[in-house]
Amino acid sequence: MLGRLLSQSGKPRGRFGRFLVRGMNLGHSGLTRWGLTKVEIRENATVLDIGCGGGRTLERLASLASLGKVVGIDYSEDAVAVARKRNQRLIATGRVEVLHGSVSLMPFPDATFDCVSAVETYYFWPDIAAGLAEVRRVMKPSGQMVIIAGMYSGSRFNKRNMRLIRAGDMRCFSVQEFEETLQDAGFSAVAVSVEPRKGWICVVSELGSKDHIGGKSQRDTA
Ligand SMILES: C[S@@+](CC[C@H](N)C(=O)[O-])C[C@H]1O[C@@H](n2cnc3c(N)ncnc32)[C@H](O)[C@@H]1O
């Protein structure tokens, strides 16, 4: 049962999958609102939300980038359908677009986005290094990536989280693993924030050469 739920969370399918992404729209709302306060999104920004699920984050991003453009991508066709329906008015005005596709191979030219968000999704990416390389490619050199997650290794909910991670065959990084993984992928984690009472984490990264990484990262993990 738990395995099925987590597998559906990783790639929602069918009627149950559509029900689940609508539920996640609600369930991830507080986490997403908190995480998005950690990144600056200009009103004319071009923003990509990877693993957009049911599309509530697209709506929120469109209200922040009120003169910009927001694109969602998800490799679940059912999630894409729910996200399109939810955002149909914004889609009709051309401010939001929702595409079917994987983080590993995204249909965007190099250096397209000012900001890339990923909420509750990196756990499931089949190849984190390939995913981050693709994010790096589509980000503008001045861009930022924000990873928002309701679990991190080492939080007060570690025992529960590790049970989920094992049952769902997922990944879950500690603060240090985030910093190291991002550095290896050519990013610098400029701000790592946690909300210890809830067990949430938000990592904002910029593109940076491996040379200038180190010592720059700012942790708000008290
Ligand atoms: C737990 S849901 C989170 C959905 C949404 N971001 C939210 O916060 O409600 C994870 C989403 O990531 C998507 N996803 C997982 N791996 C992906 C990949 N490799 N490429 C694109 N989307 C992916 C899933 O299809 C699913 O919709």
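Residues numbered from 1 in each chain as written. Predicted model: local features only at pLDDT ≥ 70, side-chain atom pairs only at ≥ 80, totals over all residues.

A.B. asks: With reference to specific residues and values, describe the overall build of the chain.
C.D. replies: Looking only at helices and strands, one finds nine helices and eight strands in the chain. In terms of overall dimensions, the chain is globule-like: its C-alpha atoms have a radius of gyration of 16 Å, near the 17 Å expected for 222 residues. For the C-alpha atoms alone, the extent of the chain along its principal axes is close to 45 × 40 × 30 Å. A buried classification covers 44% of the 222 residues belonging to the chain. Considering only contacts in the chain between residues 6 or more positions apart, those separated by 24 or more positions represent 68%. (Helix = DSSP H or I, 4+ residues; strand = E, 2+ residues; numbered from the N terminus. Rg over C-alpha atoms; globule rule 2.2 N^0.38 Å. Buried ≥ 20, exposed ≤ 12 C-beta atoms within 10 Å, placed from the backbone. Contact = placed C-beta atoms within 7 Å.)

A.B. asks: Give a description of the nonpolar core that names residues and reports values.
C.D. replies: Membership of the largest hydrophobic core comes to 60 residues, with the highest contact counts inside it found for Val47 and Val116. The greatest single-element share of this core, amounting to six residues, is contributed by strand β5 (residues 139-149). Among residues more than four places away in sequence, those in contact with Val116 are Leu48, Ile50, Val135, Met139, Gly143 and Met145. (Core = buried A, V, L, I, M, F, W, Y, C linked by C-beta atoms within 7 Å.)

A.B. asks: Tell me about the pairing of strand β6 (residues 187-195), and please be specific about residues and values.
C.D. replies: Where β6 and strand β7 (residues 200-207) come together, eight bridges link them in antiparallel fashion. Within β7, the residue paired with Ser188 across the bridge is Glu206. The turn linking β6 back onto β7 is made up of four residues, and Gly199 within it adopts a positive phi angle of 80°. With three bridges joining them, β6 and strand β8 (residues 218-220) adopt parallel strand pairing. Each bridged residue has a counterpart across the sheet, and for Ala191 the counterpart in β8 is Gln218. (Pairing = 2+ DSSP bridges.)

A.B. asks: How would you sum up the sheet that holds strand β1 (residues 46-50)? Please name residues and give values.
C.D. replies: Strands in a sheet are paired, the pairing made by backbone hydrogen bonds, and the direction either parallel or antiparallel. Taken in spatial order, the eight strands of this open sheet run β3-β2-β1-β4-β5-β7-β6-β8, and their pairing is mixed. Strands with a single pairing partner mark the edges of an open sheet, and in this sheet they are β3 (96-100) and β8. Strand-to-strand twist of the sheet, defined as the mean angle between neighbouring strand axes without regard to direction, takes the value 15°. Strand contacts of helix α3 (residues 29-36): β4 (113-119), β5, β6 and β7, with the helix running at about 145° to β5, the strand carrying the most contacts. Across the sheet, helix α9 (residues 175-184) lies against β6, β7 and β8, angled at about 160° from β6, the strand it touches most. (Axes fitted to C-alpha atoms, helices over the stretch in contact; angles between N-to-C directions.)

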